[in-house]
Amino acid sequence: QVQLVESGGGLVQAGGSLRLSCVASGSIFRSFDLGWYRQAPGKQREVVARITTAGTTNYADSVKGRFTVSRENAKNTIYLQMNSLKPEDTAVYYCIAVSWREYWGQGTQVTVSS
């Protein structure tokens, strides 16, 4: 199976920046569409950003202009650069890889203080 491991989460003040990374193993990375989801306490999990095998990106309206998703296939890694962070961004962030099925990481906590 494909294994995904997120890192880079932590505590940051509102207006600050953070970069999340997700390293994949166990398959051919470049064949996967990739993305990031997040789940805040008491809320449903929501999509944050997606990037296809061709490099096309899409963002949730709530993060558009502040977050940037990218991939580095040679290192089997997907990134999420988060700028101008808001308390509303506080959540557990999960990376996902999609091919014949979905693979999920374990999540990394992002906390933005006001």
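Residues numbered from 1 in each chain as written. Predicted model: local features only at pLDDT ≥ 70, side-chain atom pairs only at ≥ 80, totals over all residues. Heavy atoms only, no water.

### A word on the pattern of salt bridges
Here comes step 1: If you walk through the whole model with that rule in mind, you get 4 salt bridges.
Here comes step 2: Across the pair E46 and R38 runs a salt bridge whose closest N-O atoms are separated by 2.8 Å.
Here comes step 3: A relative accessible area of 35% places E46 in the partly exposed class.
Here comes step 4: Judged by relative accessible area, R38 falls into the buried class, the value being 5%.
Here comes step 5: Of the charged contacts, one joins D89 and R38 as a salt bridge, the two residues approaching to 3.0 Å between their closest N and O atoms. Taken together, the residues D89 in the loop between β8 (77-82) and β9 (91-98) and R38 in strand β4 (residues 33-39) connect sequence positions 51 residues apart. Of the two residues examined, D89 and R38, each falls in the buried class. (Salt bridge = Lys/Arg side-chain N within 4 Å of Asp/Glu carboxyl O. Buried < 20%, exposed > 50% of the residue type's maximum accessible area, 1.4 Å probe, protein only. Helix = DSSP H or I, 4+ residues; strand = E, 2+ residues; numbered from the N terminus.)

### Quick word on the state of the cysteines
Here comes step 1: In the structure shown here, the tally under the stated rule is 1 disulfide.
Here comes step 2: The residue that forms a disulfide with C22 is C95, at a sulfur-sulfur distance of 1.9 Å. In this structure, the disulfide formed by C22 and C95 twists by about 45° around the S-S bond and is classed as right-handed. On the criterion of sequence distance, the pair formed by C22 in strand β3 (residues 18-25) and C95 in strand β9 is long-range, its members being 73 residues apart. (Disulfide = S-S within 2.5 Å.)

### Examining the packing of aromatic side chains
Here comes step 1: What the rule picks out here adds up to 2 aromatic pairs.
Here comes step 2: Taking the centre distance of 6.1 Å and the plane angle of 70° together, the rings of F32 and Y103 count as edge-to-face. Taken together, the residues span a long stretch of sequence, with F32 in the loop between β3 and β4 and Y103 in strand β10 (residues 102-104) at a distance of 71 residues.
Here comes step 3: Judged by its relative accessible area of 16%, Y103 falls in the buried class.
Here comes step 4: One Lys or Arg, R45, reaches over the ring of W104 and ends 4.0 Å from the middle of that ring.
Here comes step 5: Its guanidinium or amino end placed over the ring of Y103, R101 lies 4.5 Å from that ring's centre, counting from NZ or CZ. (Phe/Tyr/Trp six-rings, centres within 6.5 Å; stacked < 30°, edge-to-face > 60°. Lys NZ or Arg CZ within 6 Å of the ring centre and 35° of its normal.)

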